[in-house]
Amino acid sequence: MNIQFDMIEDKVEFYEASSLKGLEQMVNEKIEQNKAILLSVHHVSHSVQFDADGKKHYSAVVHYKLKKG
């Protein structure tokens with residue numbers, strides 16, 4: 001039996017929250033978790049949308065890459 005492990009080189013995660021503070025907390029927790037598997041943040045994008053009632057919805061996309069070196 002031959003088992004081969006490959007390192008994750010790129011990973012994209014999407015986050016959504018009802019408050020900016022909640023989104024920030026969620027992203028920070030996931031950044032720490034991904035550090036454990038040797039991934040660092042490469043790029044972050046975020047936005048806010050309003051629903052029909054005027055309620056805000058926050059979202060973010062984080063691109064992680066394998067730490068080199």
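So, here's what we can say about the structure. Since the model is a prediction, treat every value here as computed from it, not as a measurement. (Residues numbered from 1 in each chain as written. Predicted model: local features only at pLDDT ≥ 70, side-chain atom pairs only at ≥ 80, totals over all residues. Heavy atoms only, no water.)

## Some remarks on the overall build of the chain
As a reminder, the rule being used: Strands here mean DSSP runs of E at least two residues long; helices mean DSSP runs of H or I at least four residues long; both are numbered from the N terminus. Each radius of gyration is computed over the set of C-alpha atoms, and the globule rule expresses the reference value as 2.2 Å times the number of residues to the power 0.38. Every residue pair with non-hydrogen atoms within 4.5 Å of one another is taken to be in contact. Under the convention used here, a 1.4 Å probe and the Shrake-Rupley method define accessible areas, while residue burial counts only the protein chains that appear. Charge convention: Lys and Arg are scored as positive, Asp and Glu as negative, and His as well as the terminal groups of each chain are ignored. To locate a charge, the coordinates of NZ of Lys, CZ of Arg, CG of Asp or CD of Glu are taken.
Tallying secondary structure elements over the chain gives one helix and three strands in all. For the chain, the N- to C-terminal ordering of α and β elements is β-α-β-β. Relative to the compact-globule value of 11 Å for 69 residues, the chain shows a C-alpha radius of gyration of 16 Å, a clear excess of over 25%. Taken along the three principal axes of its C-alpha coordinates, the chain extends 55 × 25 × 15 Å. Contacts spanning at least 24 positions in sequence make up 59% of the contacts within the chain whose residues lie at least 6 apart. Accessible surface computed for the chain: about 5600 Å², of which carbon and sulfur atoms make up 54%. Taking the 9 positively charged and 10 negatively charged side chains of the chain as two groups, their mean positions are separated by 5 Å.

## Quick look at the pairing of strand β2 (residues 39-50)
The side chains of a regular strand alternate, residue by residue, between the two faces of the sheet. Inclusion rule: Pairing between strands requires that DSSP locate at least two bridges from one strand to the other.
By the bridge criterion, 11 bridges tie β2 to strand β3 (residues 56-66) in an arrangement that is antiparallel. Residue pairing across strands places V44 opposite V62, the latter belonging to β3.

## Let's talk about the pattern of salt bridges
The condition is simple: Salt bridges are identified by distance alone: a Lys or Arg side-chain nitrogen within 4 Å of an Asp or Glu carboxyl oxygen. Only protein chains enter the accessibility calculation, which uses a 1.4 Å probe; a residue whose area is less than 20% of its type maximum is buried, one above 50% is exposed, and one in between is partly exposed.
Applying the stated criterion across every chain yields a total of three salt bridges. Here E13 and K11 are joined by a salt bridge, their closest N and O atoms 2.9 Å apart. A relative accessible area of 23% means that K11 is categorised as partly exposed. The residue K35 makes a salt bridge to E32 at a minimum N-O spacing of 3.2 Å. Here K35 and its partner E32 are both found in helix α1 (residues 20-35), three residues apart, which amounts to about one turn of the helix. We classify K35 as partly exposed; its relative accessible area is 39%.

## What about α1?
Where we set the bar: What a helix is expected to span follows from its residue count: subtract one and scale by 1.5 Å. Directions are taken from the helix axis to each C-beta atom, and the arc is the one they span.
Taking 1.5 Å of rise per residue, 16 residues should cover 22 Å, and α1 covers 23 Å from first to last C-alpha, within 8% of that figure. Listed in full, the buried residues belonging to α1 are L23, V27, I31 and N34. For α1, the angular spread of the buried residues around the axis is 70°, confining them to a single face. Of the surrounding elements, those touching the buried residues of α1 are β1 (10-17), β2 and β3.

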